[in-house]
2 protein chains.
Amino acid sequence: MKKIITVSREFGSGGRELGKRLADYLGLSYFDSEIAEEMSKQTNLDMDYLSGKLERGVAHYPATFASSFSRISSASNSAMLIAKQHKIIKDIAKINDCVIVGRGADAVLSEYAPFKIFVYADMPAKIERCKNRAPEGEKLTDKELEKKIKSIDKGRKSMYDIFSSHAWGEKSAYNLCINTTGLDIENIIPAVAGIVNAYFNGE
Amino acid sequence: MKKIITVSREFGSGGRELGKRLADYLGLSYFDSEIAEEMSKQTNLDMDYLSGKLERGVAHYPATFASSFSRISSASNSAMLIAKQHKIIKDIAKINDCVIVGRGADAVLSEYAPFKIFVYADMPAKIERCKNRAPEGEKLTDKELEKKIKSIDKGRKSMYDIFSSHAWGEKSAYNLCINTTGLDIENIIPAVAGIVNAYFNGE
């Protein structure tokens, strides 16, 4: 059977690192920013613009009467982009056993019964991780980082909840939820791979 | 450092099996019904009576005016039993590296920073498991089993939420949440042990 692993994650929890290392360990293809690049190629839209559209969630547009026309246009534009992204994710899954990080791939690919991982961490651990990996020149306080983390996750949740039948981060929708607080992600990869293999071998 | 692993679980998800196998694999002591036996010994109360008192939750007593006196007495009786159970759990943890299943041990033993596992499963998988392990003579329909599962978990949640600062089953409170649907529990024990060891070795 097809081996698809999806990794959903709280911002700053190390989900992307876990996904990448897991793909390497299992010898699977890995998709993350590759999806954004493909979107950009297909739409001729800038990646930053796309990321704003696809991570903020349609429901987040300001709800004033005066802005209603631009809201409708903006929402339909977002919906079109979401549909296109889903198509790309489905095309990827058709031809690859792979690990896909984010982008609601767990919901989009439910027909493949992927192994669905959710990665999270305590707030202080996420702040620490963000600090250690801040882009050069970014100097945010802990409070600012916490605000940024919460805002990004709010966008992910709002975007996800538009097209999924369950809420983002609700554990019942995942096969494994890993709290990375106090863990060195590299050290747990063989163990996570062990659970993934037990799942696919048991089917 | 002390190695304490707590296993909280939805009824029918295989949490007890996972806890027992994990303890065996790691060479740790295992506590589950042993705690109930010790409670029974210390209180001279019947184990079934204790189990009713300790799994139903204080808030579940009927809230009629006429029953208010018996409710107060019943609630204070339950509170006393909860306190006694917590004392037994703390005494166990003082002298044992161990796996403890249920009984809110994760909240009671927070000072030890235990590795906290939550085991859950999809409802059809839990019903199937309950059927396969039904006590002799018990012949419940799927609907009756689902009702039983929900009722037991409601009691666990209500009891747990009395003394814990977070809600029962809320993933942020656990280190690892495992959905056993589609998994053979025996097969994932080495992997779960790998994550547990990474946690304790990383501290």
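Each remark here, short or long, concerns the structure printed above.
For the structure given in this document, a descriptive report is provided here. Bear in mind that the values here come from a model prediction, so they are computed numbers and not experimental data.

## Concerning the sheet that holds strand 4 (residues 115-120) of chain A
Part 1 of the argument: One open sheet accounts for 10 strands, arranged 2(A)-3(A)-1(A)-4(A)-5(A)-5(B)-4(B)-1(B)-3(B)-2(B); its pairing is mixed. Every interior strand has two partners, whereas the edge strands, strand 2 (29-31) of chain A together with strand 2 (29-31) of chain B, have only one. Averaged over all pairs of adjacent strands, the angle between strand axes in this sheet comes to 20 degrees, irrespective of strand direction.
Part 2 of the argument: The sheet contact formed by strand 1 (residues 4-9) of chain A and strand 3 (residues 98-101) of chain A spans 4 bridges and is parallel. The residue of strand 3 of chain A that forms the bridge with Val 7 of chain A is Val 101 of chain A.
Part 3 of the argument: Taken strand by strand, helix 1 (residues 15-26) of chain B contacts strand 1 (4-9), strand 2, strand 3 (98-101), strand 4 (115-120) and strand 5 (176-179) of chain B, and its axis lies near 165 degrees from that of strand 1 of chain B.

## Let's talk about the relation of the copies chain A and chain B
Part 1 of the argument: Mapping chain A onto chain B calls for a rotation angle of 180 degrees and an axial translation of 0.0 Å; the resulting RMSD is 0.0 Å. The two molecules are tied by a two-fold rotation axis, judged by turn and shift. Judged by C-alpha distance, Ala 191 of chain A is the residue of chain A that lies nearest the rotation axis, at 2.1 Å.
Part 2 of the argument: By residue overlap, the copies meet face to face through one surface: 96% of the interface positions of chain A are interface positions in chain B.

## Points about the interface of chain A and chain B
Part 1 of the argument: With 24 residues of chain A at the contact, the number on the chain B side is 23 residues.
Part 2 of the argument: Buried surface at the junction of chain A and chain B, summed over both partners, amounts to about 1,800 Å²; 62% is from carbon and sulfur atoms.
Part 3 of the argument: Three residues, Tyr 120, Lys 171 and Ile 195 of chain A, lead the burial of chain A against chain B; their summed loss comes to 29% of the area buried on that side.
Part 4 of the argument: Taken together, the connections running from chain A to chain B amount to 0 salt bridges.
Part 5 of the argument: Counting across the interface, chain A meets chain B through 11 residue pairs in polar contact (both at pLDDT 80 or more).
Part 6 of the argument: Listed by contribution, the elements that provide at least two residues to the side of chain A that touches chain B are strand 4, strand 5 (176-179) and helix 8 (185-202) of chain A.

## Structural notes on the nonpolar core
Part 1 of the argument: In this structure, Ile 5 and Leu 22 of chain A together with Ile 5 and Ile 117 of chain B are the most contacted members of the largest nonpolar core, which totals 54 residues.
Part 2 of the argument: For Leu 22 of chain A, the residues in contact, after removing those within four places along its chain, are Ile 5, Ile 117, Ile 189, Val 192, Ala 193 and Val 196 of chain A.
Part 3 of the argument: Ile 4, Leu 54, Val 108 and Tyr 112 of chain A belong to the second-largest nonpolar core, a separate cluster that totals 19 residues.

## Side note on helix 1 of chain B
All names here are of chain B.
Part 1 of the argument: With 12 residues, helix 1 should cover 16 Å at 1.5 Å per step; its first-to-last C-alpha distance of 16 Å lies within 8% of that length.
Part 2 of the argument: Within the sequence span of helix 1, burial applies to Gly 15, Glu 17, Leu 18, Gly 19, Leu 22, Ala 23 and Leu 26.
Part 3 of the argument: Once helix 1 finishes, Gly 27 follows within two positions and takes phi at roughly 70 degrees, a positive value.

## Some words on the pairing of strand 3 of chain A
Residue and element names in this part refer to chain A.
Part 1 of the argument: Burial of strand 3 is two-sided: the residues Cys 98 and Ile 100 facing one way and the residues Val 99 and Val 101 facing the other way are all buried.
Part 2 of the argument: Inspection of the sheet shows strand 2 paired to strand 3 by 3 bridges, in the parallel sense. Looking across to strand 3, one finds that Tyr 30 is bridged to Val 99.

## What about the pairing of strand 5 of chain B?
Part 1 of the argument: Across the two faces of strand 5 of chain B the burial is the same, with Leu 176 and Ile 178 of chain B and Cys 177 and Asn 179 of chain B all buried.
Part 2 of the argument: In this sheet, strand 5 of chain B lies alongside strand 5 of chain A in antiparallel orientation, the contact comprising 3 bridges. When the bridges of strand 5 of chain B are listed, Leu 176 of chain A appears paired with Ile 178 of chain B.
Part 3 of the argument: Here strand 4 of chain B pairs with strand 5 of chain B via 4 bridges, running parallel. Note that in strand 5 of chain B the partner of Ile 117 of chain B across the bridge is Leu 176 of chain B.

## Some points on the packing of helix 1 (residues 15-26) of chain A against helix 8 of chain A
The relative placement of two packed helices is expressed as an angle between their axes plus a distance between the axes.
Residue and element names in this part refer to chain A.
Part 1 of the argument: For the pair helix 1 and helix 8, interaxial distance at closest approach is 9 Å and the crossing angle is 60 degrees. It follows that helix 1 is oblique to helix 8 by the angle criterion. In the crossing of helix 1 with helix 8, the sense of the turn from one axis to the other is right-handed. Where helix 1 approaches helix 8, its residues Glu 17, Leu 18, Arg 21, Leu 22, Tyr 25 and Leu 26 are matched on the opposing element by Ile 185, Glu 186, Ile 188, Ile 189, Pro 190, Val 192, Ala 193, Val 196 and Asn 197.
Part 2 of the argument: Considering only residue class, the contact of helix 1 with helix 8 consists of 11 nonpolar, 1 polar and 3 charged.

Conventions we followed
Residues numbered from 1 in each chain as written. Chains lettered and ligands numbered in written order. Predicted model: local features only at pLDDT ≥ 70, side-chain atom pairs only at ≥ 80, totals over all residues. Heavy atoms only, no water. Pairing = 2+ DSSP bridges. Helix = DSSP H or I, 4+ residues; strand = E, 2+ residues; numbered from the N terminus. Axes fitted to C-alpha atoms, helices over the stretch in contact; angles between N-to-C directions. Contact = heavy atoms within 4.5 Å. Least-squares fit on C-alpha atoms with pLDDT ≥ 70 in both. Buried area = accessible area lost by both parts, 1.4 Å probe. Salt bridge = Lys/Arg side-chain N within 4 Å of Asp/Glu carboxyl O. Polar contact = N/O pair within 3.5 Å; in protein donor to acceptor, adjacent residues only side chain to side chain. Core = buried A, V, L, I, M, F, W, Y, C linked by side-chain atoms within 4.5 Å. Buried < 20%, exposed > 50% of the residue type's maximum accessible area, 1.4 Å probe, protein only. Expected span 1.5 Å × (residues − 1). Parallel < 35°, antiparallel > 145°, perpendicular 65-115°, else oblique. Left-handed = near helix turned anticlockwise from the far one by under 90°. Nonpolar A, V, L, I, M, F, W, Y, C, P; charged D, E, K, R; others polar.

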